[in-house]
Structure formats: structure tokens, C-alpha cells
Amino acid sequence: MKPCLQLVFLIFLICHTAAEFFTSIGQMTDLIYAEKDLVQSLKEYIRAEEAKLSQIKSWAEKMDVLTSKSTSDPEGYLAHPVNAYKLVKRLNTDWLELENLVLQDTTNGFIANLTIQRQFFPTEEDETGAAKALMRLQDTYKLDPETLSRGNLPGTKYKSSLTVSDCFGMGKTAYNDGDYYHTVLWMEQALKQHDEGEDTTVSKVEILDYLSYAVFQFGDLHRAMELTRRLISLDSTHERAGSNLRYFEKLLEKEREEKSRENSLNKTTAATEPVVQSGAYERPLDYLPERDIYEALCRGEGVKMTPQRQKRLFCRYHNGNRNPHLLIAPFKEEDEWDSPHIVRYYDVMSDEEIEKIKQLAKPRLARATVRDPKTGVLTVASYRVSKSSWLEEDDDPVVGKVNQRMQQITGLTVKTAELLQVANYGMGGQYEPHFDFSRRPFDSTLKSEGNRLATFLNYMSDVEAGGATVFPDFGAAIWPKKGTATGWACGAARLSASSPVSLLSSERGSGPPPSMCGHQQPHRHTCGTASPSVADLGCCHLLQTLPPWSHSVVFALGLRRLPSLSS
């Protein structure tokens, strides 16, 4: 997605923040320039060192010629009084100057710059988050470690590869998180590249140590022993490996005894089937029941409409029920989905407006949060990886223009809407399936301010691949197009999530839009009257299929329009 593809949604949501680099491609771009500055500083240091060495080399060459001449006939050389004077002067003064030159420290400028920049560097948390982002992309888009490691990703502008050390780091991150599935995948890839002769400081012993234990966690005792024996053959003094091997052998012997007893009790003589040591293990199930559906939609494997259903989809001009502002210049409207009805509006925002809004939002981006379902306290969550900021009409005239335009299209008033939210997804950015309105009893403002009725979402960037807003409950996927917008009634759909940044795709959670198109009056109460359990809406992870997958900048400008219950 990016060196930085930027996908921006306009959305109205509540979210607070904490800021980590890996959660926002928009802010990660600053690191690119910081690194460039460090490179320039390093090159200046190298030039200074080279200039110093050049002076020293020139002095050495000059002295080599002179001493060759003087040592060939010392007395004859010193017979000349000038030579005698210069010898004394060199040893008393010139060699001292050379000593000062050699001791001159040219690192100060570079070290000072590095020290200043380091306080803005990513942290261990960022590196862990970036590694997990790659794994999300790997799972969502069914990419094997070899494909990721070699950088052979479709639809990408740049090419980048992972070294043995990189793959080993990925595996360690998974291991430290208790994720043995990805530990095996990445340690196997590190071992494969190591066996192919890639130069690295990581030893096979280190890789095999992690890999053998992770394999054991999957119950593959035979392969765990095989890997441990290989480790010991490389390092016979490895205490943990020796201990593990003895433990594995005891477990295997116990397993054989139990099978022998079972066979004798059943009076069978059938031989034990050999264990297939393929190294292929099933991806464990997780907490999200619609995971498979959601990821399939992100890959573009959603419900395919029949020709009959496709005939129900039309394009038309939308004048907002004869809104005076739209009579002369109506918006182009296109049906994206028949049931529930989802439409797309074209040319809703200009490139200049998009850039201005991103410019306003970027300095305010902070980690997006969710409410803890038990306490109601805002907190960060692994299933929502992005940063967001909120814009008010006082910030710049463009915010008011965008708000007014959405009001004209939807017929919903902005007076009772939330602020304009700009969401920027980072590496593997995502927001897993969720409802786009509150179902929490502890939200005390619901009675006085009302619940969310509708969401209006503007896409502020194009992507090369992926990036759909998906609806797992009925199989729809809306793909981003810069300058277009869509919307839905909050009760009509449950949001899915933004897919991890891997194939230059980025998604933003949103639900199916209310009937806001054609000649129909916008359903002001659709959300309020709809069953809270109707549907799910989601945004697929940013697919940055290129080298860093995190180079895709996905901005989500979230505008959530919330008319009051009385409107």
C-alpha cells in the first residue's frame, strides 16, 4: 500500500488515542525523512573522516620519501644545516600536530544528531506491532512466508525482501506472544534461507531452539525430536536441547507403552501408523466467529450477485430530494448493493479538499480507542489498529464545506452529528467486525443525546489492491475510490474491520447505508428503529502488498452524522 498509498475515510466515530508509529502510516512517513536526515549526517561524518585520513596519508607518504632518503646516508643528510633544523622541528612540532589530527574527533556532529533523533525513534512496541501486522496480512490474504520474505507481492510498486535475521525476528515476536503457529512458519523460513547459504549473524542453533519447542507445542513429538537432534549435532553442549531431547524421548516411550497396552487389551496386532512430519499445522481458531467470512471478503471472495440481482443496480443523479443546492449540480449516484441498499456518490470531495483535511488531521493523530465492554473506559485494543483525529468547523472552512455537502446528500442535519473524524490506518491497520452504534447500557448520554443513526464515509485515497469496506453478515464489499463516498444506517449493518496492511489494501469499518438515494427520503429513523443485531460492517485491513506493507497510507476521514432522536 504505501510507500504510501493513502486511503481516507470520512467517518463519525468516537475514539481516543495513544500514539504508536506502527498504527499510522501518515506519521510513519515522518520516519522516512528522519532516516534520510541521519544518512546525510552519517555521510558528512564519513567525508570528515576521509578528509582527515587523506591528510594523514599525505603526511605519511611525504615522510616515507624523506626518511628513505635520510636513512640511506644519515651523516651526509645532516651535514646540511637546513636538514638538521627541519628534523628537530618535525619531531618537536610537526609530529605533535599530526598527533592532534589523529586524535581529532569527527563523530560529534553525527552522534549529536543521532542522539536527538533517537528520542523520536520507534520503540520495541512498534517493532512488535509491525511484526504482528505482517502476520495479519499473511493470514488475511493467505500469503506464505516465502512470498512475504521474497517480496513477491502482487500490485506493488517497490520490492523488498526479508533476511534470515528479519524472519528470525518475526518468529521471536510470535513466540513471545505464545503464537506457536506463526513461530513455526517464520522459524522454518529463517532456517530455509540459512540452509540456502544466506549470510547472517543468526545461528542455526538459535533458530532450531525456537522451532523445535514451537513444533512440540503442536504435539508433533517426532518432528520436535528430529529438530532437537539436529540442534545437538551443531552444538553438543547445548544444555536445554539435551534436556528437551531426554524429555521428548521419555514422552515417546510413554506413548509407545500406552499404545502397546491398548493393543494388548484390544487383542490387536496392528502396527502403529507412522507420524507424518510435514511441518504443516492448522491455524488455530480465534475469538472472532466470522473470521473466515471477513477475511474472504477482504480478499475479494464475497457473494457474487446473480444476473437478476445485478439488474436491480442502477446509476442516477441525486439531488437530495430537490435540495436547492443540488438541483443544478446533482451528485452522481451508483447502486453498489441491492439488499440492504448501499450506494456510492462520486466527486464528493476534490483533491485540494482531501489534501487540506489530511494536512489538518496529521498533527492531531492519536491511537484510536474502544470502550471496554465491562467498564466503559476508553482503551486501546489489538482489533483496532489505527490513529484518528477530530476536526471542527472552526479549524478550517473546508471542514464546514464537507459537513454541509454531507448534509445536502443525506438530508440529515449536522447540528446533532459528531465531529468529523479522520482515521489513518498503519501497518496491518484494522478494525474488526463491530456495531457502528452503541449497545452499552453504561452510555449515559444515549437518553439525552440519542444513538448514532447513520454513518457517511468518504474515501480519500485510491489503493492498488484490497482496502474494501466489508459487511460479513450479507457478504458485501465496497472497494475504495478516491473522492467517492458511501453511507449507511447504523442499525442496518455491523462493521467488519480494516484488513491488515499487506496488499496495498485498506479498509475501514462501516455499515450498510440507509436508503439515502434516488427519489427516496433519507430514513432518519432507520438506525434508531432497526434491531441492534441486524448486521456487521467491516473494513478490510490495508493491503500493502509491497515491501513494507506499511508504506501504504490509509487515511480514514470518518464523518458520522448523528441526527437527534427527535429529528
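Scroll up to find the structure this text is about.
What comes next concerns the included structure. A quick note: this is a predicted structure, and the numbers were derived from the prediction, not measured.

### As for the overall build of the chain
1) Next: Within the chain, the regular secondary structure consists of 17 helices and 16 strands.
2) Next: Among the 567 residues that make up the chain, the fraction classed as buried is 49%.
3) Next: Here the contacts in the chain between residues at least 6 apart in sequence split such that 79% fall between residues at least 24 apart.
4) Next: Only carbon and sulfur atoms are counted for the fraction: they give 53% of the accessible area of the chain, which is about 28100 Å².

### Quick look at a negative patch on the surface
1) Next: Taken together, the side chains of Glu253, Glu257, Glu258 and Glu262 make up a negatively charged region of the molecular surface.
2) Next: Here Glu253 lies in helix 11 (residues 239-265).

### Some details on the side chain of His318
1) Next: Structurally, the position occupied by His318 is in strand 2 (residues 315-318).
2) Next: Among the polar contacts listed, one links the side chain of His318 to the backbone oxygen of Ile409, at a separation of 2.9 Å.

### A short note on the side chain of Arg344
1) Next: You can see Arg344 is positioned in strand 4 (residues 342-345).
2) Next: Since its relative accessible area comes to 1%, Arg344 is described here as buried.
3) Next: Among the polar contacts made by the side chain of Arg344, one reaches the side chain of Thr484 at a distance of 3.0 Å.
4) Next: Not counting residues within four places of it along the chain, the set of residues in contact with Arg344 comprises Lys332, Glu333, Glu334, Glu336, Tyr459, Ile478, Trp479, Pro480, Lys481, Thr484 and Ala485.

### What about the environment of Pro324?
1) Next: Position of Pro324 relative to the elements: it lies in the loop between strand 2 and strand 3 (331-337).
2) Next: Linking Pro324 and Gln408, residues 84 residues apart in sequence, is a C-alpha distance of 9.1 Å.

### Looking at the packing of aromatic side chains
Describing an aromatic ring pair means giving the distance of the ring centres and the angle of the ring planes.
1) Next: Overall, the coordinates contain 15 aromatic pairs when judged by the stated rule.
2) Next: An angle of 70° between the planes, with centres 6.1 Å apart, marks the rings of Tyr175 and Tyr213 as edge-to-face. Of the two residues, Tyr175 sits in helix 7 (residues 164-176) while Tyr213 sits in helix 9 (residues 204-217), which places them 38 residues apart along the sequence.
3) Next: On the accessibility criterion, Tyr175 (26% relative accessible area) is partly exposed.
4) Next: When the ring of Phe218 is compared with that of Tyr281, the centres are 4.7 Å apart and the planes differ by 15°; the resulting orientation is stacked. Placement of the pair is Phe218 in the loop between helix 9 and helix 10 (221-234) and Tyr281 in the loop between helix 11 and helix 12 (291-298), with a sequence separation of 63 residues.
5) Next: Relative accessible area serves as the criterion here: at 28%, Phe218 is assigned to the partly exposed category.
6) Next: Residue classification places Tyr281 among the buried positions, given a relative accessible area of 19%.
7) Next: These aromatic residues form a ring-pair network of at least three members: Phe168, Tyr175, Tyr180, Tyr210, Tyr213, Phe216, Tyr247 and Phe248.
8) Next: The ring of Trp337 has Arg309 sitting right over it, with the charged end atom 5.1 Å from the ring centre.

### Observations regarding the pattern of salt bridges
1) Next: A complete count under the given rule lists 27 salt bridges for this structure.
2) Next: Of the charged contacts, one joins Glu196 and Arg150 as a salt bridge, the two residues approaching to 2.9 Å between their closest N and O atoms. Of this pair, Glu196 sits in the loop between helix 8 (180-195) and helix 9 while Arg150 sits in helix 6 (residues 145-150); the two residues are 46 residues apart in sequence, bridging distant segments of the chain.
3) Next: Asp195 is the salt-bridge partner of Lys204, the closest N and O atoms lying 2.8 Å from each other.

### As for helix 8
1) Next: Its 16 residues give helix 8 an end-to-end C-alpha distance of 22 Å, which sits within 8% of 22 Å, the value for a rise of 1.5 Å per residue.
2) Next: The complete set of buried residues in helix 8 reads Tyr181, His182, Thr183, Val184, Trp186, Met187, Gln189, Ala190, Leu191, Gln193 and His194.
3) Next: Taken together, the buried residues of helix 8 touch helix 5 (124-140), helix 6, helix 7, helix 9 and helix 10.
4) Next: Residue Asp179 occupies the N-cap position of helix 8, its side-chain oxygen lying 3.4 Å from the main-chain nitrogen of Tyr181.
5) Next: Of the residues trailing helix 8, Gly197 is marked for its positive phi of about 95°.

### Section: unusual backbone geometry
1) Next: The omega torsion across Ser339 and Pro340 is -5°, close enough to zero to call that bond cis.
2) Next: Tracing the backbone through its elements, the reader meets Pro340 in the loop between strand 3 and strand 4.
3) Next: Even without being a glycine, Lys142 presents a positive backbone phi close to 50°.
4) Next: By the element assignment, Lys142 lies in the loop between helix 5 and helix 6.
5) Next: Residue Lys142 is classed as exposed on the basis of its relative accessible area of 62%.

### Notes on the packing of helix 9 against helix 10
1) Next: Packing of helix 9 against helix 10 leaves a shortest axis separation of 8 Å and a crossing angle of 165°. Here helix 10 runs roughly antiparallel to helix 9, going by the angle between their axes. The two elements helix 9 and helix 10 cross, and the hand of that crossing is left-handed. Residues Lys204, Val205, Leu208, Asp209, Leu211, Ser212, Val215 and Phe216 of helix 9 lie in contact with helix 10, whose contacting residues are Leu221, Arg223, Ala224, Leu227, Thr228, Arg230, Leu231 and Leu234.
2) Next: Considering only residue class, the contact of helix 9 with helix 10 consists of 10 nonpolar, two polar and four charged.

Cut-offs and rules
- Residues numbered from 1 in each chain as written.
- Predicted model: local features only at pLDDT ≥ 70, side-chain atom pairs only at ≥ 80, totals over all residues.
- Heavy atoms only, no water.
- Helix = DSSP H or I, 4+ residues; strand = E, 2+ residues; numbered from the N terminus.
- Buried < 20%, exposed > 50% of the residue type's maximum accessible area, 1.4 Å probe, protein only.
- Contact = heavy atoms within 4.5 Å.
- Areas by Shrake-Rupley, 256 points an atom, 1.4 Å probe, with all protein chains shown as cover.
- Patch = residues over 30% accessible without salt bridge, like charges linked within 9 Å, V, L, I, M, F, W, Y side chains within 5 Å.
- Salt bridge = Lys/Arg side-chain N within 4 Å of Asp/Glu carboxyl O.
- Lys, Arg positive; Asp, Glu negative; His and termini not counted.
- Charge placed at Lys NZ, Arg CZ, Asp CG, Glu CD.
- Polar contact = N/O pair within 3.5 Å; in protein donor to acceptor, adjacent residues only side chain to side chain.
- Phe/Tyr/Trp six-rings, centres within 6.5 Å; stacked < 30°, edge-to-face > 60°.
- Lys NZ or Arg CZ within 6 Å of the ring centre and 35° of its normal.
- Expected span 1.5 Å × (residues − 1).
- Axes fitted to C-alpha atoms, helices over the stretch in contact; angles between N-to-C directions.
- Parallel < 35°, antiparallel > 145°, perpendicular 65-115°, else oblique.
- Left-handed = near helix turned anticlockwise from the far one by under 90°.
- Nonpolar A, V, L, I, M, F, W, Y, C, P; charged D, E, K, R; others polar.

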